[in-house]
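Observations on the three-dimensional arrangement
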Amino acid sequence: MRKDLKMGSPEHLDAAPVYDNPVVDNQVMEERNPTLDIIGLYAQVIVDTVRSLYDTAEEEPNVVYFGNMEATLPKRKYAMSASFARSPWLSGCLPQPPPISLVNKFSTWISRDNDSDLDSLWFEHKFPRMLRVNAVCVKQQFFGAHPLDHEVAVLALRRFNQLDVEAQAVSKYLLWREVLEPDFSTHALAGEKVAHIKAVQLQIAHAHHDITACQTFYTPVILDHGWAAYMWDMIRKEIHILDPLCAQPVGAEKRHATHQEAVSQIHEALFSCLNEFFARWHCTSDRWKRKSPKITREVFTRDESGMCMLHAIRHYDGEKMTWPLTKVSAFPIRTLCCNLCCSLFVLSV
């Protein structure tokens, strides 16, 4: 054999090149999940958009902003509750709506062409993180045709949580349901370490009530096809997928696949937080059943899904809708919005 023979010479055309990589034979290209990619990309767009709203040069001291991270985890507590709180439908502790006369007056006033009066910061609330909402956004989304956005959804759910606490006749320390703000699912779907998000730590680990007594956990979810809500029942170990578009036949298979992937990610994030923040949580994260109850027979659009999601969280008792979700007769979007806007005037800071 000639000394100047090279690997690329004709005598070695059939020989496979060998590289100095001991695991070359074991490397397999990982198949990408397009559904998971879409969920992650959409969630990251939401994260970047919301973060830009608070991207100011000067931040208030000792105030948590969207996406703020905490390097350390809070000290772990023991899940000491011996039992769960009762459902508000069984205990009769449902929030009372504001007077109809006030609702009518407010609806008439805000529906007028008065955007110049509303073009200002109406709502600011600092727990568990800074929230600022413009009044025009409230009008356009609650009373107009604009779809519900992330921050207005936070505003609505934060006020609903306050109303739940105020309605407790026996103990304001015990709540049947814990409604997590959209931050939780958005950060989880974006692939972030949710347990290190400061706002999540404040809502779960440092809640003002005994979160270990909550039987159900609700979380709103914004996906590329619209809003939905997921519910975790800690007693039955069931996850209920409350999809306002469940009666929409077009794209049903794709939505189902999307919900399954989203539920898996959020479920992992939820129990990551519960197990990091609490010792001896009531149940483990394995062997959970998934259900997709049909919460409506009406066909809603993507832009309507946000208000439907709020309605589902308020009126789903863990088994059924206590107030039907319909478009024509009983669909309460306008009433829900008027009640919420009126109650927002007394939003505690």
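Residues numbered from 1 in each chain as written. Predicted model: local features only at pLDDT ≥ 70, side-chain atom pairs only at ≥ 80, totals over all residues. Heavy atoms only, no water.

1. With respect to the environment of M309
Inspection of the secondary structure puts M309 in helix 10 (residues 305-315). Put simply, M309 and I222 are 87 residues apart on the chain and 9.7 Å apart in space, counted from C-alpha to C-alpha. Filtering out sequence-adjacent residues up to four positions away, M309 remains in contact with L148, P220, W227, A228, A229 and P244. (Helix = DSSP H or I, 4+ residues; strand = E, 2+ residues; numbered from the N terminus. Contact = heavy atoms within 4.5 Å.)

2. Some words on empty space enclosed by the protein
Scanning the entire structure with this criterion turns up two cavities of 30 Å³ or more. Here the largest cavity defines a volume of roughly 60 Å³. Grouping the amino acids of the lining of the largest cavity by side-chain chemistry returns six nonpolar, one polar and two charged. By volume, the second largest cavity is sized at about 40 Å³. Lining the second largest cavity, in full, are P128, E181, D183, F184, A199, V200 and Q203. Elements represented by at least two residues in the lining of the second largest cavity include exactly helix 7 (182-189) and helix 8 (198-205). Tallying contributions element by element places helix 8 first for the lining of the second largest cavity, with three residues. Counted by class, the lining of the second largest cavity contains four nonpolar, one polar and two charged residues. (1 Å grid on protein atoms, 1.4 Å probe; cavity = no way out; pocket = protein on both sides within 12 Å on 5 of 7 lines; lining within 4 Å. Points joined across faces, edges and corners; volume = space filled by probe spheres on them. Nonpolar A, V, L, I, M, F, W, Y, C, P; charged D, E, K, R; others polar.)

3. Regarding the pattern of salt bridges
The tally for this structure, following the rule as stated, stands at 18 salt bridges. Between D164 and R177 there is a salt bridge, and its shortest N-O distance comes to 3.2 Å. Taken together, the residues D164 in helix 6 (residues 150-167) and R177 in strand 4 (residues 177-179) connect sequence positions 13 residues apart. R177 sits in the buried class, given a relative accessible area of 4%. What you see here is one network of salt bridges that share partners, running through E60, E124, K126 and R132. (Salt bridge = Lys/Arg side-chain N within 4 Å of Asp/Glu carboxyl O. Buried < 20%, exposed > 50% of the residue type's maximum accessible area, 1.4 Å probe, protein only.)

4. Brief notes about helix 7
Among the eight residues that make up helix 7, eight are buried, leaving the element largely enclosed by the rest of the structure. Of the positions making up helix 7, those classed as buried are P182, D183, F184, S185, T186, H187, A188 and L189. On its buried side, helix 7 packs onto helix 1 (34-53), helix 6, helix 8, strand 5 (216-223), strand 6 (226-233) and helix 9 (252-277). Backbone geometry just after helix 7 places G191 at a positive phi near 85°.

5. Observations regarding the packing of helix 6 against helix 7
Contact geometry for helix 6 and helix 7: axes closest at 9 Å, N-to-C directions at 140°. Considering their axes alone, helix 6 and helix 7 lie oblique with respect to each other. Counted together, H150, A153, V154 and L157 of helix 6 and P182, D183 and T186 of helix 7 form the full contact between these two elements. Looking at the contact of helix 6 with helix 7, its residues break down into four nonpolar, two polar and one charged. (Axes fitted to C-alpha atoms, helices over the stretch in contact; angles between N-to-C directions. Parallel < 35°, antiparallel > 145°, perpendicular 65-115°, else oblique.)

6. Concerning the confidence of the model for the protein chain
Per-residue confidence for the protein chain gives a mean pLDDT of 84; residues scoring 70 or more make up 81%. Residue range residues 1-29 is modelled with pLDDT below 50. Its contacts to residues more than four positions away, or to other chains, number seven contacts. (pLDDT = per-residue confidence, 0-100.)

7. Looking at the pairing of strand 7 (residues 238-242)
The element strand 7 is extensively covered by neighbouring structure, given that five of its five residues are classed as buried. What you see with strand 7 is no split at all: E238, H240 and L242 on one side and I239 and I241 on the other are buried throughout. Direction of pairing for strand 6 relative to strand 7: antiparallel, over a ladder of five bridges. Paired with D233 across the two strands is E238, which belongs to strand 7. Once strand 6 ends, the chain turns through four residues before running back antiparallel as strand 7, passing K237 with a positive phi of about 55°. The sheet contact formed by strand 7 and strand 9 (residues 289-291) spans three bridges and is parallel. (Pairing = 2+ DSSP bridges.)

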